[in-house]
Structures are given as structure tokens and as C-alpha cells.
Amino acid sequence: MSVNKVILIGNVGRDPEVRHLDKGVAVANFPLATSESYNAKNGERVTTTEWHNIVVWRGLADVVEKYVKKGDKLYLEGRIRTRSWDDKEGNKRYTTEIYVDNMEMLGGRPSGGNNAESNQPAAQNEPADSVNEPDYQQSEEDDLPF
């Protein structure tokens, strides 16, 4: 058995490019930036950014087209795909992409941009499974002594 599962939380690097293929099938592409910070040996704070090529298909691509803009923070679930092609000079080229199955918008842009649709519920491609968030609310009948 094997698993190909990716979970990313990051910021959209540019407005998505959306194309409509045969029979109206939509596909959206955009870069997503994820960042990691740590303290170097000299005490300096270092931040590294990784860029991911995101691919979203069908109904979820329609949601991306309507609501996702550069700077938006997204939660994405999907799988890694690597594809190859031959360039104009006949050289074999490769790219690694994240094919998204589930997406959730995590709020407005950090700059406070006017994104009234940022509170949209989670959107999914069919037949992806939904992400169930745990219920963190405590009961009033809690038997803890404090």
C-alpha cells in the first residue's frame, strides 16, 4: 500500500489562470507559497519560502476563478504529480505539481484587501472526502474539578 497525500497552508502568489477545456471542463493553475522560519546558529531569524505549482480541476476550478486572488491564504489537500514534456530543443523537461482535491479559504488578504467572499465554506471536487473538524466546545456538564 502507498499514500500520496499533501496538505498545504500558504498564500497565493499570483491571480489564478483558468482555462476551459473541451465540454466546459475548467482547470486553474497558480503558485502557492509556504514559509518556514527558524533561528540560525548566530541567532538571526531565517525564513525560507517554498513555491508549489497548484492545479485545480472542474467545479473547484470554477470556485477558484470566482473567489481566489493573489495574496489569499488557502488550506489545500491533494496529491503530488510529476509530468514531463519535450521542449522546443528536444530536451526532456519535468515539473512537479499539486493536484488539489479539497480547498478551504482561510480569510482575507494580509494587507486587508477587499475580499468579501473570503468566508466561503470549504469547497471540494467530487468525489473527494470532506475534512471534518473536531468539535472543541466543552460541555457544560464537565466533570473536571477545576
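Model, not experiment: these values are computed from the prediction.

## Some details on the overall build of the protein chain
Reasoning step 1: Along the backbone of the protein chain there are one helix and seven strands.
Reasoning step 2: In sequence order, the protein chain lays out its α and β elements as β-β-β-β-α-β-β-β.
Reasoning step 3: Scored against the burial criterion, the 146 residues of the protein chain give a buried share of 30%.
Reasoning step 4: Total accessible area on the protein chain stands at roughly 10600 Å², and carbon and sulfur atoms take up 45% of it.

## With respect to the side chain of histidine 52
Reasoning step 1: Along the chain, histidine 52 falls in strand S4 (residues 45-57).
Reasoning step 2: Since its relative accessible area comes to 16%, histidine 52 is described here as buried.
Reasoning step 3: At a separation of 2.8 Å, a polar atom in the side chain of histidine 52 contacts the side chain of threonine 34.
Reasoning step 4: Those residues in contact with histidine 52, other than ones at most four positions away along the chain, are Leu8, Phe30, Pro31, Leu32, Thr34 and Ile98.

## Things to note about unusual backbone geometry
Reasoning step 1: For lysine 23, which is not a glycine, the phi torsion comes out positive at approximately 60°.
Reasoning step 2: The exposure class assigned to lysine 23 is exposed, which follows from its relative accessible area of 87%.
Reasoning step 3: For arginine 58, which is not glycine, the phi dihedral falls at a positive 55°.
Reasoning step 4: Here arginine 58 shows up in helix H1 (residues 58-67).

## Section: H1
At 3.6 residues per turn, the α-helix brings residues three or four places apart onto the same side.
Reasoning step 1: Turning to H1, its buried residues are Leu60, Ala61 and Val64. Along the long axis of H1, the arc covered by the buried residues comes to 105°, so they all point the same way. Turned more than 90 degrees off the buried face of H1, the exposed positions are Arg58 and Lys66.

## Observations concerning the nonpolar core
Reasoning step 1: Counting residues in hydrophobic clusters, the biggest one holds 19 residues, and the most contacted among them are Phe30, Leu32, Ile54, Val56, Leu74, Val100 and Met103.
Reasoning step 2: Residue assignment for this core shows that the elements contributing at least two residues are strand S1 (6-12), strand S3 (26-39), S4, H1, strand S5 (73-86) and strand S6 (92-105).
Reasoning step 3: When near neighbours in sequence (up to four residues on either side) are disregarded, phenylalanine 30 contacts Val12, Arg14, Pro16, His52, Asn53, Ile54, Val56, Val64 and Leu74.

## Details of the environment of tyrosine 38
Reasoning step 1: Mapping tyrosine 38 onto the fold places it in strand S3.
Reasoning step 2: Since its relative accessible area comes to 42%, tyrosine 38 is described here as partly exposed.
Reasoning step 3: In this structure, tyrosine 38 is in contact with Glu44, Arg45, Val46 and Thr48, ignoring residues within four places of it in sequence.

## With respect to the confidence of the model for the protein chain
Reasoning step 1: Summary statistics for the protein chain give a mean pLDDT of 81 and a share of 73% for residues scoring 70 or more.
Reasoning step 2: In this model residues 111-122 is a low-confidence stretch, pLDDT under 50, and it forms 14 contacts with partners more than four residues away in sequence or in other chains.
Reasoning step 3: Within the model, the stretch residues 124-146 combines pLDDT values under 50 with 18 contacts to residues more than four positions away or in other chains.

Calculation rules
- Residues numbered from 1 in each chain as written.
- Predicted model: local features only at pLDDT ≥ 70, side-chain atom pairs only at ≥ 80, totals over all residues.
- Heavy atoms only, no water.
- Helix = DSSP H or I, 4+ residues; strand = E, 2+ residues; numbered from the N terminus.
- Buried < 20%, exposed > 50% of the residue type's maximum accessible area, 1.4 Å probe, protein only.
- Areas by Shrake-Rupley, 256 points an atom, 1.4 Å probe, with all protein chains shown as cover.
- Polar contact = N/O pair within 3.5 Å; in protein donor to acceptor, adjacent residues only side chain to side chain.
- Contact = heavy atoms within 4.5 Å.
- Arc of directions from axis to C-beta.
- Core = buried A, V, L, I, M, F, W, Y, C linked by side-chain atoms within 4.5 Å.
- pLDDT = per-residue confidence, 0-100.

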